[in-house]
Amino acid sequence: MRARTWTRKTVVLAAVAALGTGLLAGCADDGNDGGTSSSGGDSGKTKITLGLFGTMGFQEAGLYKEYEKLHPDISIQQTVIERNENYYPALVNHLTTNSGLQDIQAVEVANINEVANTYADKLVDLSKYGKESDFLPWKWKQATARNGQTIGLGTDVGPMAICYRKDLFQQAGLPTDREDVGKLWAGSWEKFVGAGRQYQKKAPQGTTFLDSPGGLIQAIIGGEKERFYDSSGKVVYKSNPAIKKAFDLTAAAAQDGLIGNQTQFQPAWDQTISNSKFAAISCPPWMLGYIKGKSKPENAGKWDVAQSPKPGNWGGSFLAVPKSGKNAEEAAKLAAWLTAPEQQAKLFAKQGSFPSAQTAYKLPEVTGAKNEMTGDTPIGTIFAAAAEKSPIQVIGPKDQIIMQGLTDNGVILVTQGKSPKQAWDNAVKTIDNALEK
């Protein structure tokens, strides 16, 4: 699942769903009011409740009905809150008071560290139910508390690639074959920005190489092992050279006019997709769904997907099971089934949530995946390769706040006339003020 700069002010259902109609982030906001839904009557049955945010896709993909058919004594009901920024504070309150919790609760990756290391005693150890070898090692580790307890099973991940417009690249004199495109920037984000400078020299009128500064810095930082916190839990974003380097590179690209001046997932940014105003975008699998939802029909098939300069991840979520639930044992079994490789592959095929279970990458739903925007591009294979190479990252409790500060209160300002130093200083001030609260 994914979030805009790790808040989830984000992706609406205009990101449409299934692979045939465009990939959708499992964690993307669907624009619904949330609410409660059940897959059927539950009279005399054991009811398992799920508290979710955004569009995780379990119900849409028919998984609840499938599980109920396999277990006639089970009835499943979900409650959905549209945005994680509204969902997570309530979850923390319920965990703190140990009341009001659903049998299964979703947790966004940016919050998993705080949940794992603050509330592990209130959550079921799911290592007894999920199979560690099925999952990407770094995904499993993200939900492992310091005491060794596994408090969540991964639903999806957001392996990073670069989606680009073949027609705009061609007009700018750049290669269009995905292998050749990947070679332009292989191994270096500096090379990636350099490719942008090549593009801008002959860019079709009114277009920029990239969509937004937030997307670029998110992708760069998404490939770093240590980002905002060190392994001891200390906040180090100001002293970590990788963060300042990512900020400065993004700011330089913005100063040179290689990046559009919009904030991602806002209406004005949506129009840049519709009007073909940029040639490339940092692109986890769910981004293809958003592109599809905002693109004009005539642009189907004009996109392709190349490997990013360095492997990284943008997005993902987990299912946790509170011990206080009336049906904790049955809930743990359901959480394990929903996150098993076979179900994750089905979700990818129907909803576009890319599996965090690596054994799903060999299943036909992944190996044969196609997308309307990218034609015959083997997107499942491309994203699987990126997922397997993504680093194990140190996740901190306030990653959301720090990332949003760097993007919405930082690098975006460079496109509005501020100097890189002014943008950095504003980001630091915003972040530090937020962390003190």
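Residues numbered from 1 in each chain as written. Predicted model: local features only at pLDDT ≥ 70, side-chain atom pairs only at ≥ 80, totals over all residues. Heavy atoms only, no water.

> I tried to follow the overall build of the chain on my own but got confused; where do I start?
From N to C terminus, the chain includes 17 helices and 11 strands. Over its C-alpha atoms the chain spans a radius of gyration of 21 Å, differing by no more than 12% from the 22 Å that the globule rule assigns to 437 residues. Projected onto the principal axes, the alpha-carbon positions of the chain cover approximately 70 × 45 × 35 Å. Within the span of the chain, comprising 437 residues, buried residues form 58% of the whole. The long-range fraction of contacts in the chain, counting pairs at least 24 apart against all pairs at least 6 apart in sequence, stands at 77%. Only carbon and sulfur atoms are counted for the fraction: they give 48% of the accessible area of the chain, which is about 16100 Å². One way to put it: in the chain the 48 positive side-chain charges average out to a point 4 Å from where the 44 negative ones average out. (Helix = DSSP H or I, 4+ residues; strand = E, 2+ residues; numbered from the N terminus. Rg over C-alpha atoms; globule rule 2.2 N^0.38 Å. Buried < 20%, exposed > 50% of the residue type's maximum accessible area, 1.4 Å probe, protein only. Contact = heavy atoms within 4.5 Å. Areas by Shrake-Rupley, 256 points an atom, 1.4 Å probe, with all protein chains shown as cover. Lys, Arg positive; Asp, Glu negative; His and termini not counted. Charge placed at Lys NZ, Arg CZ, Asp CG, Glu CD.)

> Whenever I open this one, the nonpolar core confuses me. Can you help?
In a soluble, globular protein the nonpolar side chains are often hidden away together inside. Within the largest apolar cluster, 80 residues are counted, with the highest numbers of intra-cluster contacts made by F169, M287 and L406. Considering each element in turn, this core owes the most residues, 7 residues, to helix α9 (residues 241-255). Among all residues touching F169, those that are not within four sequence positions of it are Y164, L174, P175, T176, V181, W185, Y199, F209, A279 and A280. Formed by 50 residues, the second largest nonpolar core is a distinct cluster that contains A61, I74, I104 and A145. (Core = buried A, V, L, I, M, F, W, Y, C linked by side-chain atoms within 4.5 Å.)

> Would you explain the confidence of the model for the chain in this entry?
Interpreting fine coordinate detail is not advised for predicted regions of low pLDDT. For the chain, per-residue confidence averages 89 on the pLDDT scale, and residues scoring 70 or more make up 90% of the total. In the predicted structure, residues 1-40 sits below a pLDDT of 50 and forms 183 contacts with residues beyond four places in sequence or in another chain. (pLDDT = per-residue confidence, 0-100.)

> Quick question: what am I supposed to make of the environment of S324 here?
Tracing the backbone shows S324 in the loop between β10 (313-320) and α12 (328-338). Take S324: its relative accessible area is 36%, and that puts it in the partly exposed class. For the pair formed by S324 and G100, sequence separation is 224 residues and the distance between their alpha carbons is 9.3 Å. Setting aside its immediate chain neighbours within four residues, S324 contacts N98 and L101.

> Teacher, can you tell me more about the sheet that holds strand β6 (residues 161-165) here?
What holds strands together in a sheet is hydrogen bonding between their backbones, with the strands either parallel or antiparallel. Ordered by their spatial adjacency, 4 strands build an open sheet running β7-β8-β6-β9, and the pairing between neighbours is mixed. Pairing within the sheet leaves two strands with one partner each, and these edge strands are β7 (208-210) and β9 (303-307). Between one strand and the next, the sheet's axes are offset by a mean angle of 20°, whatever the strand orientation. Here β6 runs beside strand β8 (residues 278-283); their pairing, made up of 4 bridges, is antiparallel. The residue of β8 that forms the bridge with Y164 is A280. Along the sheet face, helix α7 (residues 189-201) touches β6, β7 and β8 and points at about 160° away from the line of β7. Contacting β6, β8 and β9, helix α11 (residues 285-294) runs over the sheet at an angle of about 140° to β8. (Pairing = 2+ DSSP bridges. Axes fitted to C-alpha atoms, helices over the stretch in contact; angles between N-to-C directions.)

> For this particular structure, what's the right way to read the state of the cysteines?
Covalent bonding between the sulfur atoms of two cysteines defines a disulfide. Under the definition given, this model contains 1 disulfide. Covalent S-S linkage joins C163 and C283, the inter-sulfur distance amounting to 2.0 Å. Residues C163 and C283 are joined through a disulfide that is left-handed, its torsion about the S-S bond being -60°. Here C283 lies in strand β8 and C163 lies in strand β6, a separation of 120 residues in the sequence. Each member of the pair, C163 as well as C283, carries the same accessibility label: buried. (Disulfide = S-S within 2.5 Å.)

> Explain the environment of W337 to me, please; I cannot follow it from the model alone.
Mapped onto the elements, W337 comes out in helix α12. Sequence-distant contacts of W337, defined by excluding residues within four places in its chain, comprise L63, E66, Y67, L70 and Q343.

> Sorry, what's going on with helix α8 (residues 213-221) here?
Note: α-helices contain 3.6 residues per turn, so residues at a spacing of three or four share the same orientation. Within α8, 9 of the 9 residues are buried, leaving the element largely enclosed by the surrounding structure. Regarding α8, the residues found buried are P213, G214, G215, L216, I217, Q218, A219, I220 and I221. Structurally, α8 contributes buried residues whose contacts are with α7, β7, α9, β8, β10 and α16 (399-408).

> What's the story with the layout of surface pockets in this structure? I'm lost.
If you roll a probe as big as a water molecule over the atoms, it shows you where there is empty space left. Taken as a whole, the largest pocket spans an internal volume of roughly 420 Å³. Lining the largest pocket are 20 residues, with N113, N117, S231, V394 and I395 sitting closest to its centre. Residue classes in the lining of the largest pocket are distributed as 8 nonpolar, 9 polar and 3 charged. As a volume, the second largest pocket reaches approximately 220 Å³. The wall of the second largest pocket is formed by 13 residues, among which Y88, N111, K398, Q400 and I401 lie closest to the centre. Looking at the lining of the second largest pocket, the element that brings in the most residues is helix α2 (residues 84-97), giving 5 residues. Counted by class, the lining of the second largest pocket contains 5 nonpolar, 5 polar and 3 charged residues. (1 Å grid on protein atoms, 1.4 Å probe; cavity = no way out; pocket = protein on both sides within 12 Å on 5 of 7 lines; lining within 4 Å. Points joined across faces, edges and corners; volume = space filled by probe spheres on them. Nonpolar A, V, L, I, M, F, W, Y, C, P; charged D, E, K, R; others polar.)

> Please explain the pairing of β6 as it appears in this structure.
Remark: a regular strand shows side chains that alternate across the two faces of the sheet. Burial within β6 is extensive, with 5 of its 5 residues counted as buried. The alternating pattern of β6 places A161, C163 and R165 and I162 and Y164 on opposite faces, both of which are buried. Inspection of the sheet shows β6 paired to β9 by 5 bridges, in the antiparallel sense. Residue pairing across strands places A161 opposite Q307, the latter belonging to β9.

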